Amino acid sequence: MTMSQTVTSDSLADAPGATDASDLRKAELLAETSDLRIRALDALPAPRAVRLAQPLGTERSDLVTTSRREVRDVLRGEDDRLLAIVGPCSVHDPAAALDYAARLAPLARELADDLVVVMRVYFEKPRTTVGWKGLINDPHLDGTHDVRHGLRLAREVLLGVLDAGVPAATEFLEPTSPQYIADAVTWGAIGARNAESQVHRQLASGLSMPVGFKNATDGDVQIAVDGCVTAASEHTFFGADSEGRAAAVETAGNPDCHVILRGGRGGPNYSPQDVAAALDVAARSGLGGAVEAGVIVDASHGNSGKDHVRQAAVVREIAERLAQGEHGITGLMMESFLVGGAQAPGPLDTLVYGQSVTDKCMDWDTTEGLLRELATSVRARRSTIR
């Protein structure tokens, strides 16, 4: 048969007198080529249904709105306080996370003249290869991947943190999950592995809160700045609406994106010279606003070699520099939990209460002391410009 004589299954189906057999053959062909490596497709509840079942409410909404504005002002240099994003590397035990929030809340209020404190409430963990992917993906820590429960549990934790009076920060990894939780989030992050991803840059362009882009895992800051430039622009991309339907999403662009220095494979990048170099790269973007006003320093990850003891030393070093009048650092990220260090993931009843199951975290007492040191440093920095 020549090419001109080729008859496709579609043409057979459209021909007069097409039989049921041809329709069946079409279905068989589809079955032979689609979803060959998909074990199951478990439909999730619509984002709107989850939000209606666990509504944000007026008081929580007011906290999110107010704290977003405060964070934005700090990042733009319009508020001389320091943004302190502090909390567990990841949430694996909701009770322990809410315990941490209850301890953080009064301290945040006490230090509010000098610090804008936002709690890390991270549910999605990017993995270099494989491992536990976070509370949303595997809430029971047993490989059952009960995502339906994970989404509801994550929202429950966020609402509980807000009820304690603490704004929440999270990293956005899955492009659909923000529909379920973003209304309760004050500050968002795009991680080092995703800062160059078009999907995540587009996602950030539509998020309603300030978003930080981390430098790449190799330490490249230009990638983070490019992420901010891209996210500040308008985009149209594939996504989902509040009913869970596939949609073409059109965004207005996010003007409050900024750079996070987290170190890299070559070592730390939080020195005064590193901060100045990052701001030089940011200045060439022409964006102005938060991206040029300063950077956030992540005291964990590459800046401390994921060593929680070294992380405390990094924070103290930065506090000393702030006290001496250094500008250009608008925020600081710290990984902290109730108990210092880390443990392997496992069933909750086998774990140390309040200890991380991902990166090593500083303990609560150390964290409290460091936040007080930072507040003192901010006051000292303030006095240097009077």
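The rules behind each value
Residues numbered from 1 in each chain as written. Predicted model: local features only at pLDDT ≥ 70, side-chain atom pairs only at ≥ 80, totals over all residues. Heavy atoms only, no water. Core = buried A, V, L, I, M, F, W, Y, C linked by side-chain atoms within 4.5 Å. Buried < 20%, exposed > 50% of the residue type's maximum accessible area, 1.4 Å probe, protein only. Contact = heavy atoms within 4.5 Å. Helix = DSSP H or I, 4+ residues; strand = E, 2+ residues; numbered from the N terminus. Expected span 1.5 Å × (residues − 1). Pairing = 2+ DSSP bridges. Axes fitted to C-alpha atoms, helices over the stretch in contact; angles between N-to-C directions. Disulfide = S-S within 2.5 Å. Polar contact = N/O pair within 3.5 Å; in protein donor to acceptor, adjacent residues only side chain to side chain. Phe/Tyr/Trp six-rings, centres within 6.5 Å; stacked < 30°, edge-to-face > 60°. Lys NZ or Arg CZ within 6 Å of the ring centre and 35° of its normal. pLDDT = per-residue confidence, 0-100.

Asker: So what exactly am I meant to see when it comes to the nonpolar core here?
Answerer: Soluble globular proteins tend to bury their nonpolar side chains together. Counting residues in hydrophobic clusters, the biggest one holds 87 residues, and the most contacted among them are Phe123, Phe213, Leu371 and Leu374. Beyond its immediate sequence surroundings of up to four residues, Phe123 is in contact with Val91, Lys133, Gly134, Leu135, Ile136, Ala154, Val157, Leu158, Thr170 and Ile181. Core analysis: the next-biggest nonpolar cluster, separate from the first, contains 15 residues, Leu83, Ile85, Ala189 and Ala290 among them.

Asker: Can you help me understand helix α6 (residues 147-163) in this one?
Answerer: Each turn of an α-helix holds 3.6 residues, which means side chains three or four residues apart point in the same direction. In a regular helix each residue adds 1.5 Å, so 17 residues correspond to 24 Å; α6 covers 24 Å between its end C-alpha atoms and thus fits that length. Turning to α6, its buried residues number three or more, namely Gly150, Leu151, Leu153, Ala154, Arg155, Val157, Leu158, Leu159, Gly160, Val161 and Leu162. Check the buried side of α6 and you find it contacts α3 (47-53), α4 (57-75), α5 (94-110), β2 (115-120), β3 (168-171) and α7 (178-181). Of the residues one or two after α6, Gly165 is the one with positive phi, at around 95°.

Asker: Any chance you could explain the sheet that holds β2 here in plain terms?
Answerer: In a beta sheet, neighbouring strands pair by backbone hydrogen bonds and run either parallel or antiparallel. If you walk around this closed barrel you meet the eight strands as β1-β2-β3-β4-β5-β8-β9-β10, and the pairing is parallel. Averaged over all neighbouring strand pairs, the angle between strand axes comes to 30°, with direction disregarded. Where strand β4 (residues 187-190) lies against strand β5 (residues 211-214), three bridges are found, and the strand directions are parallel. Its bridge partner being in β5, Ile190 is matched across the sheet by Phe213.

Asker: Sorry if this is basic, but what is going on with unusual backbone geometry here?
Answerer: Of all residues except glycine, most have a negative phi; of all peptide bonds, most are trans. Positive phi outside glycine occurs at His145, with the angle close to 50°. As for its placement among the helices and strands, His145 is situated in the loop between β2 and α6. Accessibility expressed as a relative area gives 43% for His145, which makes it partly exposed. Of note in the backbone geometry, His301 takes a positive phi value of approximately 50° without being a glycine. One can find His301 in the loop between β9 (295-298) and α12 (308-323).

Asker: Help me understand the state of the cysteines, please; the structure alone is not making it clear to me.
Answerer: Each disulfide consists of one covalent bond between the sulfur atoms belonging to two cysteines. By the definition in use, this model includes zero disulfides. Summary of cysteine pairing: Cys89 is not part of a disulfide, and the nearest cysteine sulfur, belonging to Cys361, is at 5.6 Å. Taking the relative accessible area as the measure of exposure, Cys89 reaches 0% and is therefore buried. Cysteine Cys257 remains unbridged, with the sulfur of Cys228 as its closest cysteine sulfur at 5.3 Å. Look at Cys257 and you get buried, because its relative accessible area is 3%.

Asker: I would appreciate a short explanation of α12 in the present structure.
Answerer: For α12, spanning 16 residues, the distance from its first C-alpha to its last is 23 Å, which sits close to the expected 22 Å at 1.5 Å a residue. Among the residues of α12, Gln311, Ala312, Val314, Val315, Ile318, Ala319, Arg321 and Leu322 are the ones counted as buried. Next to the buried residues of α12 lie β1 (82-87), α10 (272-283), β9, β10 (329-335) and α13 (364-384). Between the side-chain oxygen of the N-cap and the backbone nitrogen of Val309 there are 2.9 Å, and the N-cap of α12 in question is Asp307. Backbone geometry just downstream of α12 places Gly325 in the positive-phi region, at approximately 100°.

Asker: I tried to follow the packing of aromatic side chains on my own but got confused; where do I start?
Answerer: One pair of aromatic rings is described through two measures. These are the centre distance and the angle between the planes. Evaluated as defined, the whole model comprises two aromatic pairs. Taking 5.3 Å as the distance between ring centres and 85° as the angle between the ring planes, the aromatic pair formed by Tyr100 and Trp364 counts as edge-to-face. Of this pair, Tyr100 sits in helix α5 while Trp364 sits in helix α13, and the two are 264 residues apart along the sequence. For the pair shown, Tyr100 and Trp364 are each scored as buried. Here a set of aromatic residues connected by ring pairs shows up, and it is made of Tyr100, Phe337 and Trp364. One cation-aromatic arrangement involves Arg120 over Tyr122; the distance from NZ or CZ to the ring centre is 3.8 Å.

Asker: Looking at this model, I keep getting lost on the pairing of strand β7 (residues 246-251). Mind explaining?
Answerer: In the case of a regular strand, side chains alternate between the two sheet surfaces. The pairing of strand β6 (residues 235-240) with β7 spans six bridges and is antiparallel. Paired with Thr236 across the two strands is Glu250, which belongs to β7. A loop of five residues connects β6 with β7, the two strands running antiparallel in sequence, and Gly244 in this loop sits at a positive phi of about 85°.

Asker: Looking at this model, I keep getting lost on the confidence of the model for the protein chain. Mind explaining?
Answerer: Low pLDDT means the predicted coordinates in that region are not meant to be read closely. The pLDDT averaged across the protein chain works out to 92; a share of 93% of its residues lies at or above 70. Considering only residues more than four positions removed or in separate chains, one finds that residues 1-18, a stretch of pLDDT under 50, has 11 contacts.

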